[in-house]
Every structure is written in structure tokens, then in C-alpha cells.
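# Analysis of the macromolecular model
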Amino acid sequence: MRLGVMFDRDLPPEQLIPFARALDATRVDDLWVVEDLGWTGAISSAATALAVTSRLRVAIGITPAPLRNPMLLAMELANLARVHPGRLAAGIGHGVRDWMRQVGAAPPSPLALLEETVTAVRALLRGETVTLHGKAVHLDGVRLVHPPAEPPAVLTGVVGPRSLALSGRVAQGTIVPEGYGPSQLPAVIEQIGATGDHEVTVFTYLYVGADAAEATREAAEEQARFLGVPPEEVTMASGTAEEAAARVKGLWAAGAHTVAVRPLGPDPLSHVTALLSAL
């Protein structure tokens, strides 16, 4: 059971360095960085966090396949994995459809693009020479000159049933978005259907304080629209420190290998500290 903490996209990028250093001195296992259109790039964020820490696994959650040629993505990941062996995990996803349209990158077949990207990136990271002429990805005899001795785990960040099943087939893990609770997670894991080792990571909002209901309202409403559920069905690790810890433990008990909390508000580390004390 792993505990991760997300560096929220709304935090100023220059705060990543002190944030990462502070987490490196705690019992937290992972630092998650994100790549949402218009915010920050995940590869540069991961490189920064890895460079200023010595213990944390730094995980990317997620880079959109439509924005990343698989060869270039494999080159970037391999570089990080060689410089910081054993400390990188890489999430790849479809990307938000509307955002991909905004930059002219919406693929005709998101499922094909994701499957072919994950398959190609994993093979390249293993040091293989890859030729793939698929529906969306076209590679002709390419390989990495410096493949990592320890390839990073490649996960997918997906939601729908077909995408979850795809993740179970081709990825080493699945990232479940914010809002899912312990009662919903077993059904998600069943849809993934992985037969071997497969890391299930669940993102969840974190807020510790008496004003939790009001402080998390906007995030709950936004995520409810994304998931297509009422805001009251968006699960969060919020309330008292003990209530937040109970929610995290519930996700572990329901099958999550990693719970990555996304602290809300201008002082995210205070919520992490409170959660750790209760855990």
C-alpha cells in the first residue's frame, strides 16, 4: 500500500521544488505531477522533482497520448529513468477530448492511439527495436540508444469500460480519477481485468479542516460534471484528519495499491501533515 501526494496544477510552478523537498522528508511514497493543457508540462515537472529529491518515486499522471509521439515520449522517460533509476512511473491517457480539439490533436480513434502508444513506449523502454504500423502510430525500425536498465512502470489514466479493459491488457497499472470511493472501486478493478501484476492508483481530493464542506464544494462540482454524477457522490478524503485517513484506508482495503491525495487550498502540505499524523 503506497501513499502519494499530487502537486496540484493550480499551484505556482516555482513551489514544486520546496514542495518536493518537504515530501521527501516524510513517509510519503510518491509525488505525482500532472500535465493539463495550459498548465505545466509533466516531463519538465518530473525532471525537476527528481533532481531535488533522493527517495520519492515521481509519477506522471498523466501525459496525453495525442500530444506525445511515442518515440519522443520513450526518449524522455528513458532519460529520466537512467538518471534516477527506480524512481519514475509514467501515466499516459487519452487527453481531455475538448482540449485535444483545441490544439488540433483529437485522434479519430482514441482507443487505438492509446493502445499503440503504450505498447510502443513499453517496448522501446525495454530496449527493443520497434516497427509498428497501426491505426494511429507509425514507427519504422526505431530504438533507444540508451534504454534504461530498469524501465519505469507505464500506467494509463482512463475511465470508460473499454479503456479500463485496454489498460488491463497493455499497461502495468491504471490511474483512477478523483471521485471514486471504496464502494465503486471493486467494479473498476473487475473492468480492468488484469491477470498479472497491475498497480491500481486512485486519486482523491484531500482537505482537513472544519470548513471542509465549503472548501471542497467547487472541486466536487467540477469533478461531478466530469464523471457524470451528482456532487454528493464524489468521494473525498476530507473532514477531520481521522475522517480523511479512514477514507484513504478504505480505498486501500477496496483494492487500491496506491492512493494519491490531491490536497486543496493554498497550504497543501498542512493537509498532508495532518493526514500522516492520523495514518
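Described in the following lines is the structure provided in the data block. Since this is a predicted model, take the numbers as computed values, not measurements.

### A word on the packing of helix α10 (residues 241-253) against helix α11 (residues 268-278)
The description of two helices packed together rests on the angle between their axes and the distance between the axes. In the contact formed by α10 and α11, the axes pass within 8 Å of each other and the chain directions differ by 75 degrees. Between α10 and α11, the angle falls in the class roughly perpendicular. Taking contact as the criterion, the partners of A241, E242, A244, A245, V248 and K249 in α10 are, on α11, A274, L275 and A278. Partitioning the contact of α10 with α11 into residue classes produces seven nonpolar, no polar and two charged.

### Topic: the pattern of salt bridges
Taken as a whole and judged by the stated rule, the model has 12 salt bridges. Among the salt bridges present, the one from R126 reaches E128, with a minimum N-O distance of 2.8 Å. Across the pair R217 and E214 runs a salt bridge whose closest N-O atoms are separated by 2.9 Å. Taking relative accessible area as the criterion, R217 reaches 42% and is therefore assigned partly exposed. Each of the salt bridges in this network shares a partner with another, and the network as a whole consists of R2, D30, R57 and E199.

### A closer look at unusual backbone geometry
Here G61 and I62 are connected by a cis peptide whose omega angle stands at 5 degrees. Looking at where I62 falls in the secondary structure, it is placed in strand β3 (residues 57-64).

### Structural notes on helix α7 (residues 185-192)
For α7, the set of buried residues is L185, V188 and I192. Axial view of α7: buried residues confined to an arc of 60 degrees, hence all on one face. Contact partners of the buried residues in α7: α6 (161-170), β8 (173-176), β9 (199-208) and α10. In the stretch just after α7, G193 is the one whose phi turns positive, near 65 degrees.

### Observations concerning the nonpolar core
Residues L31, L77 and L185 are the most contacted members of the largest nonpolar core, which totals 72 residues. Here this core takes eight residues from helix α5 (residues 110-125), the largest share from any one element. For L185, the contacting residues outside a window of four places in its chain are V176, V200, V202, L251, A254, G255 and A256. Judged by nonpolar contacts, the second largest core, of 10 residues, contains A59, I175, F203 and A260.

### Description of the environment of P64
Within the secondary structure, P64 sits in strand β3. Residues within four places of P64 in sequence aside, it is in contact with E35, G93, G95 and M100.

Cut-offs applied
- Residues numbered from 1 in each chain as written.
- Predicted model: local features only at pLDDT ≥ 70, side-chain atom pairs only at ≥ 80, totals over all residues.
- Heavy atoms only, no water.
- Axes fitted to C-alpha atoms, helices over the stretch in contact; angles between N-to-C directions.
- Helix = DSSP H or I, 4+ residues; strand = E, 2+ residues; numbered from the N terminus.
- Parallel < 35°, antiparallel > 145°, perpendicular 65-115°, else oblique.
- Contact = heavy atoms within 4.5 Å.
- Nonpolar A, V, L, I, M, F, W, Y, C, P; charged D, E, K, R; others polar.
- Salt bridge = Lys/Arg side-chain N within 4 Å of Asp/Glu carboxyl O.
- Buried < 20%, exposed > 50% of the residue type's maximum accessible area, 1.4 Å probe, protein only.
- Arc of directions from axis to C-beta.
- Core = buried A, V, L, I, M, F, W, Y, C linked by side-chain atoms within 4.5 Å.

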